Structures are given as structure tokens and as C-alpha cells.
Amino acid sequence: MNLTNFDQDAGLRRLHMMERIRAFEETARRAAIDEELVLGAIHLSIGQEAVATGIIENLRRDDYILSTHRGHGHTLAKGADADAMMKELLGREGGCCGGKGGSMHIADFGVRMLGANGVVGANITIAAGAAHGIKLLGGDQIVVCFFGDGASNRGPFLEGVNWAGVFNLPILFVCEDNQYSASTLTSDMTSGNIADRARALGLRTTEADGNDVTSLAATAAEITARIRETGTPEFLMAKTYRISGHTYFDPATYRPEGEAERMQATTCPIARLRETLAEAGVSTDELDGLAQDARAEMDRALDAARDAPWPANETAFADVQDIGSPLKEAF
Amino acid sequence: MPVMSYADAAKLAVAEAMRDDPTVWCVGEDLGRGGVFKQYTGLVEEFGPQRISDAPISEAAIMGAAFGAAMAGTRPIVEMRFADFALCATDELVNQIAKARFMFGGQSRAPMVIRKPMGMWRSSAAQHSQSLESWYTHIPGLVVCCPATPQDNYSMMKAAIACDDPVVYLEHKNIWAHEGEVDPTKAVDFGKAALRRSGRDVTLVSWSQTANLCVEAADVLARQGIGAEVIDLRSLWPWDKAEVFDSVRKTGRLLVAHEAVSVAGFGAEVVATVAQNIPMKTLPKRLGSPRGLIAYAPNLEDQMRVTAPMIARAAQEMMENEPA
Ligand SMILES: Cc1ncc(C[n+]2csc(CCOP(=O)(O)OP(=O)(O)O)c2C)c(N)n1
Ligand SMILES: [Mg+2]
């Protein structure tokens, strides 16, 4: 790594954020496996933390993001509260969605994180629409839409990216290419390549190493500044790798023997940044301290969530609709 | 009082709402030229192409993007062109729009009007004729309405635009040109039926164009000395149970008529709900399309049609077959 222009403070901030994401997910996985506290499927982004971290650090609080079923990292990076997120994973009162959404519908509108999504690809048109709304209202915010490589094979990919191009909207589409769609190698089910699809739709398209947080953050800084200035959509292909299984209980035996271990050893974004920081002279103690701090934060979040009550039964009927609400007429 | 068509009544409501609230906008295919049924004619001249927005033939994106724009603070009116094409945007409506507020624990709203022109119209055949209103009544989170008159298409459109819930707004294609008086001061609440005819012998419950056919049938029945009360539900979720119950308590007879397929149509819901609550003099009846497909040739199309004479005949039979 060339350290000439390396910003050590930024590096430490990024490492801390990636450690927080990693710790949040490892804690949630533990809570699921050891204590059966996390009840539904959760999708971990272990190995992909640099994408959320490097891109979202360039956003303002009033910019929007939309995410996928694999959305913990994006949500934390946008500034959501880990306590409220952990409570949501446990389905408890005080969860960011009141225990109604769980991991796959995690959202924090306070930091303009407009939701993870249980339907692959569905967030793409919605994100284009959020950018459309900004434009109609004359705002200067931008939208970042995260989706997976597999999502590019759904119709809303074409419709949503085309929409952003047609209406010239301030949005960055980020394809987080971890190579897999559940147990399927995405390339086996994809004709041509995904970045070319975006180019064909007229979007300026950048391909980046999604596991090098330092360079990714710099690339994203340029792109987001350009989008804010021009209001024109762009596309970023971030190459990464999902070290964990598709869900926390997926042993991922469909991958070639040793692939995950090799990728973890060579491409893990946390390990890579630690190495750079060490070269820059940061002590191992300090680096370990960031990880410990993150783990302690998430342990506290889990403790708080474990102690939180279930949501009140009546809330099952609340926030469905005002007119014809099940609170008044469920039948 | 001004007289105007069903299409123009909705257009007036849209224009007034857009003048009052700069966050209201319309999006759909061909809107810049007035829309396929001319229900937007002249609006682009007043409001410009950003607020009367054309769209690519991307129903999923029209619905999804409008939803995103709603979450970002606007109030979109979504034009689906034909109710049939709205099926291309089912995930966006059913899994996203209807559920977002709940799934996100009340953090979001989807104040949207989703216009879906429905129903049989001039040999449009199986993919341009459907009445799918009952599908949407089955989805918690949605308000569903089916106006039958110019007045209601004005007042309900106003209410739908003002509503913070997503409203599936089904206009009947066959009555775009129907004219009637429109009182712009008249407000309609969802869940409040319109009593279109009073009578003491039999209650006819309907909505959309078929409610108008029920009125025709009631006039025929009146000449035969049968008093048919016609209740136009106007909105199907919520629906006006109290009004229907009161009427059936009085008449003791219930006939529900609609254009949609009878099997699992909303008539089944109305009949079951009344039967669970109100004793009747005769067995209740529903009249809907056979569970067949709508054809192109007019005589074949008619095989699926519920007509005013059929409604009148069914009501007469209920009067005749009275158990002793
Ligand atoms: C419309 C739809 N089809 C299928 C699924 C089941 N599913 C959930 S995640 C997933 C794989 C998605 O792959 P990708 O978009 O690459 O995202 P990744 O899981 O790799 O983050 C599938 C098939 C779904 N949730 N939604
Ligand atoms: Mg993938």
C-alpha cells in the first residue's frame, strides 16, 4: 500500500465502523445460534463491510439510502442506533420498527435509511423514486441504492435504472457484487456483465474493489460529489465477497472447498485496513482496541435487547392504515 | 350546479388538489397527451411536464418510483392505464406500498392514489376488461374505492388525494363519458355508502358501473310494485356495513350485484357478513360474472355480463320464492 496520501484518522474511523458492523453481525449470529434470541433469518454482510463504510461516509444525514435483505451494515453506517437495531432483530419493544419488521425490514427514517427489503431488487425502483421526489421538491440531497449482483437479473433493475436515466435523478446505484445469489453463482445465471447493462442504459459506470475501503471511499467521494453537483445518476460496481453463508445458518457447501478461507485470508476488508494502519505506525493495541470497543458496544446492545419486553399485542393492529384500520374494523 | 363527465369530474378534483398542494403530481404513460382516456387533458398545460409526468412503459417502476417519491415527501397520483396492467406492479403495490408503514413500525406513509381503469369496455377482450377489485380488498394497508357517478368521481378523488393511506382507485372505463351534476362542495368519506334508491322490499348492494345498473333495475322493479333499495358502496375497504345492515333489517332481502367474477368476488364478503349478522326473509343472492374469461366478440363478451334486466329478474325471483 502506498502511504503517501494515507489519511490515518479517516482510516481509524473506517476501521471502527467496519468493526462495529462485524461485531453487530457476529453478536446477532451468536444470539441466534447460542440463545435462539434472533428468530428469523438474518443475512450477514461479513466480508462486505467496506462497501457500506466507504460509500456512506460520503453522505449527509439528510441523504437517503435504500438497502436489501443484507442491510445491517448500510443501516449502521448511515448512523442508525445499534441498540434499536438489535432490539429489532430480537423482535422487541424499542426496536427501530417496533419489532414488526426484523432484520429484513430494518429501517431508520430518522437517518433517512428508507428500509431494507425482503424482495430482491424491489428497492431499485423505490430508490429511483426517492430521487425523483428530491428533484420534484427541489432538494439537494442524493440517494444511494444498494443491491446485490443477483438483483440485476430482476426486471426492476432495468426499469429503475432506466427511470433514473430518463428523469436524470440524483442517485448512485451500487451493485454489491459478492458473486453469489443465495447458493447460485451469479455468473452462471447472468448473460453478459452487469456493469455493461448499466452502461447500456446510459449511466456513467465505475468498477471498484469493494474490499479496499480506502480507495473505495475516495472513489465514492468523487462520484457522490459529482451527483450532488450535476444531479445525474451513476452506477458503481463494487466487487466484494461474502465470507459468511447466505443466511446465518447456511453452511455454504456449494462453494468450492477452501474458497471462503482463501478469500478471508486475502481480501477481508478489515484485515486489509488493519495492515495498512499498522504500516502507517498504528499500534496493534490501538487497532485491537477499536475491535474491542465495537464488541463491547454490541454486547451492551444485546443485553439491552435481551431485557426489552415484547411489543404490546395491540401494536399488531397499529400502523396498518388510518382509513379502515384494523384497530377499528379488522373484519 | 355544473354538469360534467365522469372523466372530467376526476380531472377537476386532480387539478384543484394540484393547485392547493404543490407536492401533488401525476405520473403515468402518455399523460402529457392527456392519458389514454383523456382524463388528464389540459393538465400538462397548467402544471407542466414535471407534475404531469410521462413515464416509460415500466409499470413496476411507475408504482415503485411513485412510492419512493411518496416516502421522500410528495403525494403521487399513479396512472396504471388499465387495471390489467397494474398486475405488472403487484409486488410494488402489495409487498411494498401496502406494507411499508407497518413493517417499518409507523416510520413511513404512502400517501398515493393508484388509478386503475377497470371493467368491460367495447370488445377489449380478456387482458383489458377485468374487474379485480376484490383482490385489493384482501390486502391490509390499502383503501379500495370504485366510484360510479361523476359526483363521486370528483368527491372521492378529492378524498383519495387527501388521504395518507394508499388508495386503489378503480374507475370504470365504460362510464368515462357519463354526465351528471357535480357539486364541488360535496365531500365523501370512505366507508360511507350512497343510498341511490329507497325501497322496502329488497336491498340491492353494488358499486362501480353495476351500481348504475341496479338503479335502472330498481326503476323497472318500481313499475312492478317492488320497492328496491339501492346501496352503492362506493368504497369496498372500508365498506359501509351499518348502512347495509340497516337496509336489510328493513327489507329482509339482500341481492349483491357486481361485474367481477362471482366466485370469491367482493359480493361473497358482503353476503357472508350480512348473513352472519342479520336474519333475512329469503336466502341472500349474489350476481356476478360466471367464472369464465371475457371474450372479444360482443355476443361472447355478453355471456360474462351482468345486466340491469338480470338484476331485476333476480330480485323478482327473491320476491316470488318467499318461503311461506
Ligand atoms: C423476488 C425475490 N426472489 C427471491 C428471493 C429469495 N432470495 C433472497 S436473497 C437471494 C439472493 C440475492 O442475491 P443478491 O442480489 O446477489 O444479494 P446477496 O444475497 O448476494 O447479498 C434470494 C434469491 C427474494 N427474497 N426475492
Ligand atoms: Mg450476491
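For the structure itself, consult the block above.
In short, a report on the structure. Computed from a predicted structure; not experimentally measured.

### Considerations on the packing of aromatic side chains
Within a pair of aromatic rings, the relevant descriptors are the distance that separates the centres and the angle that separates the planes.
Then, number 1: Counted under the stated rule, the structure contains 15 aromatic pairs over all chains.
Then, number 2: Note on Phe82 of chain B and Phe85 of chain B: the rings are 5.2 Å apart at their centroids and 50° apart in plane angle, and the pair reads as tilted.
Then, number 3: Measuring from ring centre to ring centre gives 5.8 Å for Trp207 of chain B and Phe266 of chain B, while their planes differ by 75°; the resulting arrangement is edge-to-face. You can see Trp207 of chain B sitting in the loop between strand 10 (202–206) and helix 7 (208–223) and its partner Phe266 of chain B sitting in helix 9 (residues 266–277), a full 59 residues away along the chain.
Then, number 4: Through a chain of ring-to-ring contacts, three or more aromatic side chains come together here, namely Tyr6, Phe37, Phe82, Phe85, Trp121 and Trp176 of chain B.
Then, number 5: Positioned over the ring face of Trp310 of chain A is Arg92 of chain A, at 4.2 Å from the centre of the ring.
Then, number 6: When the ring centre of Tyr180 of chain A is taken as reference, the NZ or CZ atom of Arg255 of chain A above it lies at 6.0 Å.

### Thoughts on the interface of chain A and chain B
Then, number 1: Tallying the contact residues gives 42 residues for chain A and 47 residues for chain B.
Then, number 2: Carbon and sulfur atoms make up 62% of the surface buried where chain A meets chain B, a total of about 3600 Å² over both sides.
Then, number 3: Contact with chain B buries area across many residues of chain A, yet Phe109, Trp163 and Asp319 of chain A alone supply 18% of it, more than any other trio.
Then, number 4: Applying the counting rule to chain A against chain B returns three salt bridges.
Then, number 5: The shortest N-O distance in the salt bridge between Arg101 of chain B and Asp319 of chain A comes to 3.0 Å.
Then, number 6: Here chain A and chain B share 17 residue pairs in polar contact (both at pLDDT 80 or more) between them.
Then, number 7: Listing elements by their share of the side of chain A that touches chain B, those giving two or more residues are helix 5 (122–137) and helix 6 (155–166) of chain A.
Then, number 8: Top element by residues in the side of chain A that touches chain B is helix 5 of chain A. It accounts for eleven residues.
Then, number 9: Among the residues forming the side of chain A that touches chain B, the class breakdown is 22 nonpolar, 13 polar and seven charged.

Criteria and thresholds
- Residues numbered from 1 in each chain as written.
- Chains lettered and ligands numbered in written order.
- Predicted model: local features only at pLDDT ≥ 70, side-chain atom pairs only at ≥ 80, totals over all residues.
- Heavy atoms only, no water.
- Phe/Tyr/Trp six-rings, centres within 6.5 Å; stacked < 30°, edge-to-face > 60°.
- Helix = DSSP H or I, 4+ residues; strand = E, 2+ residues; numbered from the N terminus.
- Lys NZ or Arg CZ within 6 Å of the ring centre and 35° of its normal.
- Contact = heavy atoms within 4.5 Å.
- Buried area = accessible area lost by both parts, 1.4 Å probe.
- Salt bridge = Lys/Arg side-chain N within 4 Å of Asp/Glu carboxyl O.
- Polar contact = N/O pair within 3.5 Å; in protein donor to acceptor, adjacent residues only side chain to side chain.
- Nonpolar A, V, L, I, M, F, W, Y, C, P; charged D, E, K, R; others polar.

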